[in-house]
Amino acid sequence: MPASGVIAADLGGTFTKFGVVDADGSLTATEQLRTPVEEGGLMVVEWLAEQLTARATEHGLQRFGVATPGIIDEAKGVVVAAPNIGWSRLPLSELLEQMTGLEGTLTHDVRAGGRAEARVGAGTGVDNAMFVPLGTGIAAAVMVDGRMLEAGGYAGELGHIRVPAAGDVRCACGQRGCLEVVASAAGVRRTYQRITGIEMVEVPETVEIARRAIAGDRASSQSLTLAGVALGEAFVIATTLFGPERIILGGGLAGAFDELEPVISEKLATMTFQRRPEIVRAELGSRAGVTGAGLTTWERTA
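Presented here is an overview of the structure given in this document.

What counts as what
Residues numbered from 1 in each chain as written. Predicted model: local features only at pLDDT ≥ 70, side-chain atom pairs only at ≥ 80, totals over all residues. Heavy atoms only, no water. Pairing = 2+ DSSP bridges. Helix = DSSP H or I, 4+ residues; strand = E, 2+ residues; numbered from the N terminus. Right-handed = clockwise from strand over helix to strand, strands pointing away. Buried < 20%, exposed > 50% of the residue type's maximum accessible area, 1.4 Å probe, protein only. Arc of directions from axis to C-beta. Contact = heavy atoms within 4.5 Å.

1. What about the pairing of strand E13 (residues 278-281)?
Relative to E13, strand E12 (residues 246-250) is paired through four bridges, and the arrangement is parallel. The partner of Ile-248 across the bridge, within E13, is Val-280. Taking the sense of rotation as the criterion, the β-α-β connection linking E12, helix H8 (residues 257-268) and E13 turns out right-handed.

Written out as structure tokens, the structure is:
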């Protein structure tokens, strides 16, 4: 009888995290490897299949769960588009099952994180929540009445809601005034550069900007305040649409939680009839994606 567990992978454009996830969400045997994206999309598939097979053999397991960025149709197991990896209309679940001989599932990296936080993290105890990792970009995992919204992979693109705080600045998506323009980690750094006038290569990382804000640096505080205002504006819209009881902030910019939360909450306080969500910090950190990838398989193949 094979051991109980799922081989889980959280695949990113730079690194991929692996681990074994049990039904209760516990994570063991973790490892992080560089993703060979420079070798092309098909080579990444082959590499991922080799890694899953090796770990399944080592631990005596027969199932896998993979989380990836992009537009992911989870029901069909298809990566609709993941340009950072080089995938388009790729039936990844089917390919990995054929190449590994294992049974498995595919999920979106943010929804994986949301499932993990909902089951074993900061979202436990509520049926309506949003998990919002603040990183290079911004997306959301939206849980309504205990069900994750997917919409064929298109749900949760919170970073491309237009908000007044973002002004008329053009976003990489082609729109103007998207939340990501000022509230992503990259957006905060751009705001800091605009305020200080220094070269972009000299702009500190967001962790350092948060540290400087705590120390009283004006440019750092202004950069994070603008991000908080934009997030608050976006969360008012999302709260009106989905009614979350709790909004969970994760990702690298969550290190500035103490600076962002009061500004966000001030914006949410302007709502009238809507249920006002509490704003909390994510609990699982970098473990969320790989844990959620495994939990997806437990839920769908039980």
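2. Remarks on helix H6 (residues 206-214)
Three or more residues of H6 are buried, namely Thr-206, Ile-209, Ala-210 and Ala-213. The buried residues of H6 all sit within an arc of 100° when viewed along its axis, so they share a single face. Exposed residues lying more than 90 degrees from the buried face of H6 are Val-207 and Ile-214. Turning to H6, the residues buried within the fold contact helix H5 (185-196), helix H7 (218-242) and H8. Residue Gly-216 follows H6 closely and has a positive phi angle near 100°.

3. Section: the side chain of His-108
Looking at where His-108 falls in the secondary structure, it is placed in strand E8 (residues 103-108). Look past the residues within four positions of His-108 in its chain and what remains in contact with it is Ala-67, Thr-68, Pro-69, Gly-70, Ile-72 and Glu-74.

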